[in-house]
Amino acid sequence: MHSTATDRTSAPTFASDTAATTTVERAKSHTRHRIPRILRPDWLPFAILWALASAIIVLLTISTHPVDTAYQLHYADGTFLVDRAQYQRLADAFLHGRTWLDVHVPDWLAAMDNPYDAQARGAEGTASGDPSLWDWAFYHGRYYCYFGPLPAIVLFAPYKALTGMDLSTAAACAILAIAACASLIFLVQTLWKRFWKGTPRWFVVLTCTAIIAASGLSYLVLVPWFYSIPILASLALAPTGIALWARSADDIGSVPRTGMVAAGSLLVALTMMCRPTFILTAVFGLILLWPQIRSREMLAVRSRHAIQASLAAIVPFLLVGGVMMWYNAARFGNPLDFGAAYNLTGFDMTQRHVSPQARLFSAALLLFAPIRFTREFPFTADVFATGAGNPWAFLIHNRDVIAEPTVGGIVALSPICLLALPAVIWLIVSCFSRGSHASSDTGGLHKRTEEVETTGVSSGTQSGMSSAVSLEKSHEMTRGMSRSCAIGITCLLLVGVIACIDGPFGVNARYMCDMAWLAVIGTICLLMPAEAASRMKGRRWLTVTIVVFLVFGLALQALWLMTTGRLEAWNVSNPALYTWLQGVFTR
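The numbers attached to residues start from 1 for each chain and follow its sequence in the written order. The model is predicted, so local features are restricted to residues of pLDDT at least 70 and side-chain atom pairs to those at 80 or more, both for listing and for counting; the totals for chains, interfaces and linings are taken over all residues. Calculation of side-chain values draws on the structure's entire complement of heavy atoms; hydrogens and water are dropped beforehand.

K.L.:
What's the story with the overall build of the protein in this structure? I'm lost.
P.N.:
Assigned secondary structure in the protein consists of 24 helices and 6 strands. In the protein, of all internal contacts separated by at least 6 residues, the share reaching a separation of at least 24 is 74%. With residues, only the protein chains shown are counted as cover, and all accessible areas are computed by Shrake-Rupley using a 1.4 Å probe. Accessible surface, the protein: about 27,700 Å² in total, of which carbon and sulfur atoms supply 65%. Strands are runs of DSSP state E lasting at least 2 residues, helices are runs of H or I lasting at least 4, and numbering of each runs from the N terminus. Contacts: residue pairs with any heavy atoms within 4.5 Å of one another.

K.L.:
Which parts of the structure should I look at to understand the packing of aromatic side chains?
P.N.:
Think of a pair of aromatic rings as described by two things: how far the centres are apart, and how the planes are tilted against each other in angle. Between 30 and 60 degrees the pair is tilted, below 30 it is stacked and above 60 it is edge-to-face, where a pair is any two Phe, Tyr or Trp rings, Trp via its six-membered ring, whose centres lie within 6.5 Å. All told, the structure shown has 26 aromatic pairs when counted by the stated rule. Seen in terms of ring centroids, Trp43 and Phe186 are 6.1 Å apart; in terms of plane orientation they differ by 20 degrees. Their pairing is stacked. With Trp43 in the loop between helix H1 (2-34) and helix H2 (44-63) and Phe186 in helix H7 (residues 169-195), the pair connects residues that are 143 residues apart, well separated along the chain. Accessibility classification places Trp43 together with Phe186 in one group, the buried group. Members of the aromatic cluster, connected to one another through ring pairs, are Tyr116, Tyr139, Tyr144, Phe332 and Tyr342. When the NZ atom of lysine or the CZ atom of arginine is within 6 Å of a ring's centre and also within 35 degrees of its normal, the charge is said to sit over that ring. When the ring centre of Trp100 is taken as reference, the NZ or CZ atom of Arg142 above it lies at 4.1 Å. We note Arg399 situated over the ring of Phe361; from NZ or CZ to the ring centre the distance is 4.2 Å. Partly exposed residues are those whose accessible area sits between 20% and 50% of the maximum for their type, while under 20% is buried and over 50% is exposed, using a 1.4 Å probe and protein chains only.

K.L.:
What's the story with the side chain of Thr79 in this structure? I'm lost.
P.N.:
Of note, Thr79 is situated in strand E2 (residues 78-83). One polar contact links Thr79 to His74, side chain to side chain, over a distance of 3.4 Å. There is a polar contact of 2.7 Å between the side chain of Thr79 and the side chain of Thr126. Residues contacting Thr79, with those up to four places away along its chain left out, are Gln72, Leu73, His74, Arg121, Gly122, Gly125, Thr126 and Pro131. N or O atoms closer than or at 3.5 Å make up a polar contact, with two conditions inside protein: a donor-capable atom paired with an acceptor-capable one, and, for residues adjacent in sequence, both atoms drawn from side chains.

K.L.:
Sorry, what's going on with the pairing of E2 here?
P.N.:
When a strand is regular, its side chains alternate between the sheet's two faces. Among the 6 residues in E2, 5 count as buried, and that is most of the element. Note on pairing: DSSP must find at least two bridges between two strands before they are called paired. The pairing of strand E1 (residues 70-75) with E2 spans 6 bridges and is antiparallel. Looking across to E2, one finds that Tyr71 is bridged to Val82. Between E1 and E2, which follow one another and run antiparallel, lie 2 residues, and Ala76 among them has a positive phi close to 50 degrees.

K.L.:
Can you walk me through the nonpolar core in this structure?
P.N.:
One recurring pattern in soluble globular proteins: nonpolar side chains tend to sit buried together. Here, the term nonpolar core denotes a set of buried Ala, Val, Leu, Ile, Met, Phe, Trp, Tyr and Cys residues that are joined through side-chain atoms within 4.5 Å. Ranked by size, the top nonpolar core spans 164 residues in total, and within it Tyr143, Trp196, Phe284, Ile416 and Trp517 carry the most contacts. It is H7 that contributes the most residues to this core, 15 residues altogether.

K.L.:
It is not clear to me how the layout of surface pockets should be interpreted in this structure. Could you clarify?
P.N.:
A probe as big as a water molecule, rolled over the atoms, marks out the empty space that is left. Reported here for the largest pocket is a volume of approximately 1,200 Å³. Throughout, the protein atoms alone are placed on a 1 Å grid, and a set of points is a cavity if a 1.4 Å probe fits but cannot get out or a pocket if it is open with protein on both sides within 12 Å along at least five of seven lines; lining residues have an atom within 4 Å of a point. For the largest pocket, the lining is made up of 41 residues, of which Asp135, Tyr146, Tyr227, Arg510 and Tyr511 are closest to its centre. Secondary structure elements with two or more residues in the lining of the largest pocket: E1, helix H10 (228-248), helix H19 (462-502) and helix H20 (509-512). Residue polarity is assigned by list, with Asp, Glu, Lys and Arg as charged and Ala, Val, Leu, Ile, Met, Phe, Trp, Tyr, Cys and Pro as nonpolar; anything else, Gly included, falls into the polar class. Taken together, the residues of the lining of the largest pocket sort by class into 28 nonpolar, 7 polar and 6 charged. Grid points are joined across faces, edges and corners, and a volume is the space filled by probe spheres set on the points.

K.L.:
Looking at this structure, I do not really get the packing of helix H11 (residues 258-269) against helix H14 (residues 304-332). What am I missing?
P.N.:
The angle between the axes and the distance between the axes are what describe a pair of packed helices. A fitted line through C-alpha atoms represents every axis, and for helices the fit uses only the stretch in contact; the resulting angles, taken between N-to-C directions, go from 0 to 180 degrees. In the contact formed by H11 and H14, the axes pass within 8 Å of each other and the chain directions differ by 20 degrees. What the angle tells us is that H11 and H14 run roughly parallel. Considering only the axes of H11 and H14, their crossing is right-handed. On H14, the residues that touch Thr258, Val261, Ala262, Ser265, Leu266, Val268 and Ala269 of H11 are Gln308, Ala309, Ala312, Ala313, Pro316, Phe317 and Val320. Residues that form the contact of H11 with H14 fall into these classes: 11 nonpolar, 3 polar and no charged. Oblique is the label for any angle not under 35 degrees, not over 145, and not in the 65 to 115 range, which are roughly parallel, roughly antiparallel and roughly perpendicular in turn. By convention, the crossing between two helices is left-handed when the near helix turns anticlockwise from the far helix through less than a right angle, and right-handed when the turn is clockwise.

In structure tokens:
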């Protein structure tokens, strides 16, 4: 009797406590929703980081005094014409309903049997005084732009239609770089909230800063040529698309948010109209939405919601792919021909064959080329310089490698990537360790669950509920960390694939921007579970190690900006700024 009376007495108290807690939570939620998202604690540090990074991007853009001028290039005893206003010409073509560019074509170029022979083309340009354009696509007597058309459609054409003037390439680079910066921040913040639970905010902000620096945004705005435009546009699209996929679904296979799935697919699909290499990031859709695919909430016909989610994921790719195929067919008569082979550059791309060994070596240079340090300011130099004073010149000597000035490869400039291999080893060891204790852990888990259920039912107290919540949070954190590892491995695999695709066309800082962000994000995704495990045991050595590597990478990226010999180097484009920096570092 006494026991029953006690239960009856405590029941209203527990109910009233629950009601009060619910009311407080609702009040907090209401107050939280009244605060603009950007000012909430979870977003404010990232908003400040984006504002600071945007200001730096603008200053870097101004620092090179960029102009869209045409000038003659003398290369391999030949003469060519460099015109940086390629996207402006493409915008004008679209406004006039054309896919080809209305620019002067030398008579001798149209009459050549093989206009892609760089040596013959250069000789004709020198002899006639009417050189051909450099790095423009040429097909059946007309010039084309083989770079993705989306930036011309979204930026250059509207600007010219509204103002009657051309948008400068430097301004477009700055706009796209600021958007790309926001995109990368959005992705990192999403990974933190979804998969890195418990990681300190300051640590994530530092990681985000290092990812932005490693992504190459600063280099792309310092070299504001038309090459930078499609890469920056893709960096503005792909990370946001991946983040929307991650936010659209949970880890237990519930119905995904169809709108977010569709938006993410559209953004990633649009990279086909910028830099097609980025379309490989579509694989993250399978990784992030795998619980929904496995539970048949996607790519299945079990319900109306599953069909809608499937269409939301697939249709954007079909639509954008169809538009791009039509555009290719209108230019080159082949829906799968993007026109890169018709580029008028320093070699005949229609006849170029790269051996597997050369492809792998070029990819290795993109990833692992060392940094060339010097004793004098700016303390780094072009690692591929052919001078006698360069100890690394042998890397490209007598090799089938197209190298441009750069200070080092992705791993050298982002030393945090050196921790990727130890992180993978830790992951493998952890998996084997969990496998060997699976039965005992499962038994212990069932026992703890039964205890929680018994405690919650018999006593009806909040302690039982608290235990259940803690257990669920533990499971959620474990799932999140497992997904983080899957994302990290996928990132690193994509880095290798993209390096093999880009390498034969050039080893330079521009191509590194295709994959540097993936390399750093992939490494961080692999390190976060190990860091969390170490932190939960009260050990801070791994956290300190990661911080040191991240800060060191930021310092190397700053030195890279000041390096002489790179394209649009400050000692040439802005001697006054270079002299001032030299005085600061050597005073």
